[in-house]
Amino acid sequence: LCAPRGFCAVVDRAIQIVELALEKYGPPVYVRHAIVHNRFVVEGLRAKGAVFVEELDEIPDTEAPVVFSAHGVPKAVPAEAAARRMFFLDATCPLVSKVHVEAQRHHGEGHHIVLIGHKGHPEVVGTMGQLPPGAISLIETVADAEAFEPPVRDADLAFVTQTTLSVDDTIEIVDVLRRRFPAIAGPHKEDICYATTNRQEAVKRVAPKVDAMIVVGSRNSSNSLRLVEVAARAGCPRAMLVDRASEIPWDRLEGIGSLGISAGASAPEALVDEVIEAFAERYDIKVEASGAQRESIVFNLPRELRVATGAPAA
């Protein structure tokens, strides 16, 4: 059982924002995009009265709260919400906001921005939406980095990254960029978030020692998908992603003597327990914890919500 695993401080904060808004204002509370990328979490909040939409134009004129997801949004979204006089609460991960600030700072200094990330991911859409069209170029792979040409010859370059990438893959891409463009500027501090890094390191320790690896998480969760890739790369070819115990592919697990379990940063611990219980029903099991790293980071709730509910600051 990998440690750390599961919920990070940002996911816990985002869910708390929706739950407190429901308690304080009552349903509905509108949420733009899945608050976090986990089906179990989203369905639980929907049952309590959260209404999930992809765009603000799906929301009627209302005084009900509107929550922006933890992945961040383009600048145009809060601007539209303000123009419609919506009461909105921003659950954007503070570490994603840091990337937004970095991109804006580099742009202000005259750099063309290279964003390392996955096309179409909400975090990438949000980061690219902080700057005018054409100000950011997206790179997904080492091959992209090798082929990349700045839109203006001899342009000053700077790079930022999505926070939930594979640490090892990102290092390879950055190495190519630095070789090709030695003057490229980078972030003052690593953009890949502490939770992503910690969970990948935990999987690297366990994967070479086990016959199979299960990562609990949803298929739209970037950090969960990366954990599966990390496990396979670290020496566990039978690495798989499951949303919950009902999805366990038992036929792929025949003959195993040891199993590693981790969970993406948006997966509740209850789903990890459910997987363990499913194995206990079929096997005699002994559960061992691997790793003891504790994450003590806490992020404040939005000020409007703290004032309205009396919640303490972190």
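Refer to the structure printed above.
To keep things clear, this report deals only with the structure shown in the data block. (Residues numbered from 1 in each chain as written. Predicted model: local features only at pLDDT ≥ 70, side-chain atom pairs only at ≥ 80, totals over all residues. Heavy atoms only, no water.)

### Section: the overall build of the chain
Cut-off, in case you're wondering: Secondary structure counts use DSSP, requiring at least four H or I residues in a row for a helix and at least two E residues in a row for a strand, with both numbered from the N terminus. The size measure is the radius of gyration over C-alpha atoms, and the globule rule it meets is 2.2 Å times the number of residues to the 0.38 power. The buried label goes to any residue with under 20% of its type's maximum accessible area, the exposed label to any with over 50%, and the partly exposed label to all in between, with areas taken from a 1.4 Å probe on protein chains only. Residue contacts are defined here by distance: any two heavy atoms, one from each residue, within 4.5 Å place the two residues in contact. Surface accessibility follows the Shrake-Rupley procedure with a 1.4 Å probe radius. Residue values consider only the protein chains on display as shielding. Charge counting follows a simple rule: Lys and Arg are positive, Asp and Glu are negative, and His as well as the terminal groups are ignored. Charged side chains are reduced to one point each, which is NZ for Lys, CZ for Arg, CG for Asp and CD for Glu.
Scanning the chain from terminus to terminus reveals 11 helices and 10 strands. Against the 2.2 N^0.38 benchmark of 20 Å for 314 residues, the chain shows a C-alpha radius of gyration of 21 Å, consistent with a compact globule. The principal-axis extents of the C-alpha atoms in the chain amount to approximately 60 × 55 × 30 Å. Considering the chain as a whole, with its 314 residues, one finds that 52% of them fall into the buried category. Of the contacts formed within the chain by residues at least 6 apart in sequence, a portion of 73% connects residues at least 24 apart. In the structure as shown, the chain presents an accessible area of about 14600 Å², 52% of it carried by carbon and sulfur atoms. In the chain, 33 positive and 43 negative side-chain charges are present, and the distance between their average locations comes to 3 Å.

### Some details on the pattern of salt bridges
To be explicit about the condition: Take a side-chain nitrogen of Lys or Arg and a carboxyl oxygen of Asp or Glu: if they are within 4 Å of each other, that pair is a salt bridge.
Tallied over the entire structure, the rule returns 19 salt bridges. Here Arg 84 ties to Asp 61 by a salt bridge, and the two come within 3.2 Å at their closest N and O atoms. With Arg 84 in the loop between α3 (76-83) and β4 (88-90) and Asp 61 in the loop between β2 (50-53) and β3 (66-68), the pair connects residues that are 23 residues apart, well separated along the chain. Looking at Arg 84, the relative accessible area reads 26%, which means it is partly exposed. The salt bridge partner of Glu 201 is Lys 204, with a shortest N-O separation of 3.4 Å. In this pair, Glu 201 and Lys 204 are both assigned in helix α8 (residues 194-206), three residues apart and thus about one turn of the helix distant. Three or more residues are tied together by salt bridges with common partners; here these are Arg 39, Arg 219, Asp 243 and Glu 247.

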